[in-house]
Amino acid sequence: MAASIIQLLPDHVANQIAAGEVVQRPASVVKELLENAVDAKSTDIKLIVKEAGKTLVQVIDNGLGMNTTDARLCFERHATSKIRKAEDLFDLHTKGFRGEALASIAAIAHVELKTKQDQEELGTHIIIEGSKLVTQDVAVLPKGTSFAVKNLFFNIPARRNFLKSETVEFRHVMDEFQRVAMAHPSISFTLIHNGSELYNLPSSNYRQRIVNIFGGKTNEKLVPVSEETELITISGFVGKPEFAKKSRGEQFFFVNDRYIKSAYLHHAIMSAYEGLLKEGNQPSYFLYLQVPPHTIDINIHPTKTEIKFDDEHSLYAILRSAVKHSLGQFNVAPVLDFERDATLDTPYEYKNREADFPTIQVDSNFNPFATEKPSSKPLSSFGSYKKETVSASWESLYVGLKQDTQEIDAFSFESEEVTSKLFEEDVVETKTTSTYQIHKKYIVSAIKSGMLVIDQGRAHQRVLYEQFLTSITVQKASSQQLLFPLELYFSSDEMILLKELKSSLENTGFVFDAFHTDSVQISGLPIGMAESEVSIVLEELIGNLQNEIPESSFSQSDSIAKSMAKSMAVKTGTYLTEKEQENLVNSLFACKEPNVSPFQKPTFITLTVEDLDKKFAI
């Protein structure tokens, strides 16, 4: 009989395999540890991160803590305090339930656990490295738990190499921190990165928590949403249409206080905004949905960000109508009722106000039948009811004018045509136009062998891209000063990114006066950029760079140049004068690589005379 080839994997190997699903990057560790701290009924949670979590992720809470047995057992696979039997999966009131996060984290990092329960005198201190228990001691500790995860992926170098730059990884850490903090405003949260405190969020309500995370300017953008039905209870806020952005940044769904992603529910929100947004713009929303636990299934993916609903279609309809109602109720959306006079609407603040009696002034001396004016002088505020007639007739306007007339014949007019010319015939050349614009999209230019058809948008992108790249890397560009400084508002994570890009942006021509916690003051712009374009260009730049910031400064400069060139280039539908067309063509062929745009798409095509002849030969 042949030897059997199937065997059980050792625990540490199985844990590493599970870790591949659960722990994809440092942000995954942050999410699991923060959720455990919330489940432990903490009121104060502190997150300490170094080098975007590659070196250290530490979560300190003041929750229930664990006894010695639990502290050791929590690192075993499928060991959990959250559920007991399979039926509990459909009645979940906690964040975690799978019981594999801590085992997975311990398999691929150095973990230090300090925990103590309130009624115990001493706590437990455990150190685990790559699933192996190093030490377990009794220690004097405060109530609660402290998890320190160091040197992530130390035993899986391949996974460590796949991690992006510190900026990108830290943005993911911030995302996870914000999601947990927004779901639980009653808990105070602190985030410290590389020794500096970025967030200190006190216990508050939902609106204050959103404003504390995304900056004070967010408050005026929010429209409250509230709806209660048998199927679902909806609360939260949506953003006013005029504050919509190109990027999909501030969009949050929470189901039973758990952050989820749902393209289906997102579509419901977008359909509620139909007709209110510019094309390509995305509204912000912060919506908290409460549904009965047995109507959803969370156990789809280890990250628990996907949920299956029992009755998705009804939820879609309720969510759409609730958002639409809020936008209409707060006069955000226009009402298409042509019979109704908007000026007769009663404002909401007048709803319960008592009616005031109008104050009336009466002139007691007024008598419409009196033949003479009354002897007593009437009140100065009232004029006489009788209008005095104007004595002078209209004819008096023309009195005293001379009745002189002159005969037209006295004037002589030059009737002969001027036939002489300033220049001789052979000197004058009729100027022919060398470029033509077609459909406000393409520029056609004649060349010896035929003609060029140039895409004006892509050509301008190439010209601007090379200009910006030169400005950032070689020589600083000049800027146009603004008469009044411009103040733009951004969320705190966008401000962190802007501070990093400050020197590169200054080289392109931006002049920054001051950086605040949620705003930036600009006193100078790159030449050619309109004041109205600044916020759009910076928002697009931040949106493009948030997802992909390469590590080297040259590559980052490349990304900035590409993003700004894309934002500032002439768009399809823009009319160009003859001079502008010629200037664009000449600038394009002065570039190092005129053939392609910065995004590797062709900027022009050549049609030779032979190509045209072939077309006519058909």
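This model, assessed by the stated rule, comprises ten salt bridges. The partner of K31 in a salt bridge is E35, and the shortest N-O contact between them spans 3.4 Å. Here K31 pairs with E35, and both are found in helix α2 (residues 26-39), just four residues apart, close to one helical turn. Residue R171 is joined to D175 by a salt bridge in which the shortest nitrogen-to-oxygen separation is 3.4 Å. Of the two residues, R171 and D175 both sit in helix α6 (residues 166-183), four residues apart, roughly one turn of that helix. Like D175, R171 is buried. A single salt-bridge network, built from bridges that share partners, covers E112, K114 and K150.

A few words now on the confidence of the model for the protein chain. Overall, the prediction assigns the protein chain a mean pLDDT of 78, with 76% of residues at 70 or greater. Least confident of the elements in the protein chain is helix α1 (residues 11-22), whose mean pLDDT is 61; most confident is strand β1 (residues 44-50), at 93. Confidence over residues 423-432 falls short of pLDDT 50; this stretch has three contacts with residues more than four positions distant or in other chains. Across residues 549-554 the pLDDT falls below 50, and counting only partners more than four positions away or on other chains, this stretch makes ten contacts in the model.

It is the contact of helix α10 (residues 456-473) with helix α14 (residues 578-589), at a shortest axis distance of 9 Å, that shows an interaxial angle of 50 degrees. In this view, α10 runs oblique relative to α14, as classed from their interaxial angle. Helix-helix and strand crossings are classified by hand; for α10 and α14 the assignment is left-handed. Contacts between α10 and α14 pair Q456, A459, H460, R462 and V463 from the former with L584, S587 and L588 from the latter. Within the contact of α10 with α14, the residues separate by chemical class into four nonpolar, three polar and one charged.

Ordered in space as β5-β4-β3-β6-β2-β1-β7-β8, the eight strands form an open sheet in which the pairing is mixed. Two strands lie at the open edges of the sheet, namely β5 (132-139) and β8 (196-201), each paired on one side alone. Mean inter-strand twist for the sheet, computed between neighbouring axes without regard to direction, equals 10 degrees. Bridging between strand β3 (residues 110-116) and strand β6 (residues 144-150) involves seven bridges; their strand directions are antiparallel. Note on β6: the bridge partner recorded for T115 is T145. Seen against the sheet, α2 touches β1, β2 (56-61), β6 and β7 (188-193) and runs at an angle of roughly 10 degrees to β2. Across the face of the sheet, α6 comes into contact with β1, β7 and β8 while running at roughly 175 degrees to β7.

This part covers the side chain of H193. Residue placement: H193 occurs in strand β7. Discounting chain neighbours no more than four positions away, the residues touching H193 are V49, E51, A52, E166, F170 and L198.

In this fold, K579 is placed in helix α14. Among the residues examined, K579 registers a relative accessible area of 71% and is labelled exposed. Between the C-alpha atom of K579 and that of T435, which follows or precedes it by 144 residues, the distance is 9.1 Å.

For the rest of this paragraph, the subject is the packing of aromatic side chains. Taken as a whole and judged by the stated rule, the model has 16 aromatic pairs. The interplanar angle of 90 degrees and the centroid separation of 5.9 Å between the aromatic rings of F177 and F189 together place this pair among those described as edge-to-face. With a gap of twelve residues between them, F177 in helix α6 and F189 in strand β7 connect regions that are remote in the sequence. Neither residue differs from the other here; F177 and F189 are each classed as buried. Plain terms: the ring middles of F254 and Y288 are 4.9 Å apart, the flat faces sit at 10 degrees to each other, and that makes the pair stacked. One end of the pair, F254, is in strand β11 (residues 251-255); the other, Y288, is in strand β13 (residues 285-290), with 34 residues separating them in the sequence. Here F254 and Y288 have matching classes, each one buried. Here the aromatic residues Y206, F214, F252, F254, Y259, F286 and Y288 are joined through ring pairs into a cluster of three or more. Over the ring of F599 we find K566, and its NZ or CZ is 5.7 Å from the ring centre.

Basis of the calculations
- Residues numbered from 1 in each chain as written.
- Predicted model: local features only at pLDDT ≥ 70, side-chain atom pairs only at ≥ 80, totals over all residues.
- Heavy atoms only, no water.
- Salt bridge = Lys/Arg side-chain N within 4 Å of Asp/Glu carboxyl O.
- Helix = DSSP H or I, 4+ residues; strand = E, 2+ residues; numbered from the N terminus.
- Buried < 20%, exposed > 50% of the residue type's maximum accessible area, 1.4 Å probe, protein only.
- pLDDT = per-residue confidence, 0-100.
- Contact = heavy atoms within 4.5 Å.
- Axes fitted to C-alpha atoms, helices over the stretch in contact; angles between N-to-C directions.
- Parallel < 35°, antiparallel > 145°, perpendicular 65-115°, else oblique.
- Left-handed = near helix turned anticlockwise from the far one by under 90°.
- Nonpolar A, V, L, I, M, F, W, Y, C, P; charged D, E, K, R; others polar.
- Pairing = 2+ DSSP bridges.
- Phe/Tyr/Trp six-rings, centres within 6.5 Å; stacked < 30°, edge-to-face > 60°.
- Lys NZ or Arg CZ within 6 Å of the ring centre and 35° of its normal.

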